[in-house]
Amino acid sequence: MNKQAIRVEPLSTYAEARKVPVSMAVRCGDLVFVSNIPPYDTATGEIKRLPIERQAELVLEQMKLCLTTAGSSLDKVIKCTVYCTDAAHFQATNSVYSRYFPSSPPARGFICVSAWHGPFDVEIDCVATI
């Protein structure tokens, strides 16, 4: 199978500006792999310290954009991994996450990480079908 890197604007430009060597999404066969992306400010591309609920919303909206650009959707997500700096954010993250996956949610992991390269607390990646 051939893999195809998917350019997702403005997210791809934001990553390039930070010299991060990443494809926002990669399509391979009938699958789409979406990278974990920080909660970029949608207007400026900056990463700012925000409440965890807003960070989760931004990340999930960016995931949705990546999926749509790659020819998929949130309905077709089969696996997500949530990366978070503090287990204390579990409930708040879940409250936002459940709005994006209200029924038949995908398989998921919640992994605590020690720190990120910027002032944020959550990233989420996923695998979806086409």
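For the structure itself, look to the data block above.
Residues numbered from 1 in each chain as written. Predicted model: local features only at pLDDT ≥ 70, side-chain atom pairs only at ≥ 80, totals over all residues. Heavy atoms only, no water.

What follows is about the overall build of the protein. Helix and strand content of the protein: three helices and six strands. Helices and strands in the protein line up, N terminus first, as β-α-β-β-α-β-α-β-β. Computed over its C-alpha atoms, the radius of gyration of the protein comes to 14 Å, within 12% of the 14 Å expected for a compact globule of 130 residues. Referenced to the eigenvectors of the C-alpha coordinate spread, the extents of the protein come out at roughly 40 × 35 × 25 Å. Burial status across the protein gives 43% buried among its 130 residues. In the protein, 73% of the contacts between residues at least 6 apart in sequence involve partners at least 24 apart. About 6800 Å² of surface is accessible on the protein, with carbon and sulfur atoms providing 54% of the total. (Helix = DSSP H or I, 4+ residues; strand = E, 2+ residues; numbered from the N terminus. Rg over C-alpha atoms; globule rule 2.2 N^0.38 Å. Buried < 20%, exposed > 50% of the residue type's maximum accessible area, 1.4 Å probe, protein only. Contact = heavy atoms within 4.5 Å. Areas by Shrake-Rupley, 256 points an atom, 1.4 Å probe, with all protein chains shown as cover.)

The next point concerns helix α2 (residues 52–69). Helical geometry note: an α-helix holds 3.6 residues per turn, so side chains three or four residues apart project in the same direction. Its 18 residues place the ends of α2 26 Å apart at the C-alpha level, agreeing with the 26 Å of an ideal helix rising 1.5 Å per residue. Along α2, the positions that sit buried rather than exposed are I52, Q55, A56, E57, L58, V59, L60, Q62, M63, C66 and L67. Looking one or two places after α2, you find G71, whose phi comes out positive at around 90°. (Expected span 1.5 Å × (residues − 1).)

Here S35 lies in the loop between β3 (31–34) and α2. Classification of S35 by relative accessible area gives buried; the value is 18%. Linking S35 and V77, residues 42 residues apart in sequence, is a C-alpha distance of 13 Å. Sequence-distant contacts of S35, defined by excluding residues within four places in its chain, comprise V22, S23, M24, I124 and D125. Within polar-contact distance, the side chain of S35 engages the backbone oxygen of S23 at 2.6 Å. (Polar contact = N/O pair within 3.5 Å; in protein donor to acceptor, adjacent residues only side chain to side chain.)

All right, on to the side chain of D121 then. The residue D121 is located in the loop between β5 (107–112) and β6 (122–129) in this model. Judged by its relative accessible area of 12%, D121 is buried. Among the polar contacts listed, one links the side chain of D121 to the side chain of T85, at a separation of 2.8 Å. Other than its neighbours up to four places away in sequence, D121 contacts R49, I52, Q55, Y83, C84, T85, H89 and W116.

The next point concerns the sheet that holds β5. Read from one edge of the open sheet, six strands run β1-β2-β3-β6-β4-β5, paired in mixed fashion. In the strand order of this sheet, the two ends are held by β1 (3–6) and β5, each with one partner. Recorded for the sheet is a direction-independent mean angle of 15° between the axes of neighbouring strands. Examined bridge by bridge, strand β2 (residues 25–28) and β3 share four bridges and lie antiparallel to one another. (Pairing = 2+ DSSP bridges. Axes fitted to C-alpha atoms, helices over the stretch in contact; angles between N-to-C directions.)

Attention now moves to the packing of aromatic side chains. The final tally for this structure, using the stated rule, is four aromatic pairs. Relative to F101, the ring of Y97 lies with its centre 4.8 Å away and its plane at 40°, an arrangement referred to as tilted. For the residue pair Y97 and F101, the accessibility class agrees, reading buried in each case. A cation sits over an aromatic face here: R108 above Y97, 4.7 Å from the ring centre. (Phe/Tyr/Trp six-rings, centres within 6.5 Å; stacked < 30°, edge-to-face > 60°. Lys NZ or Arg CZ within 6 Å of the ring centre and 35° of its normal.)

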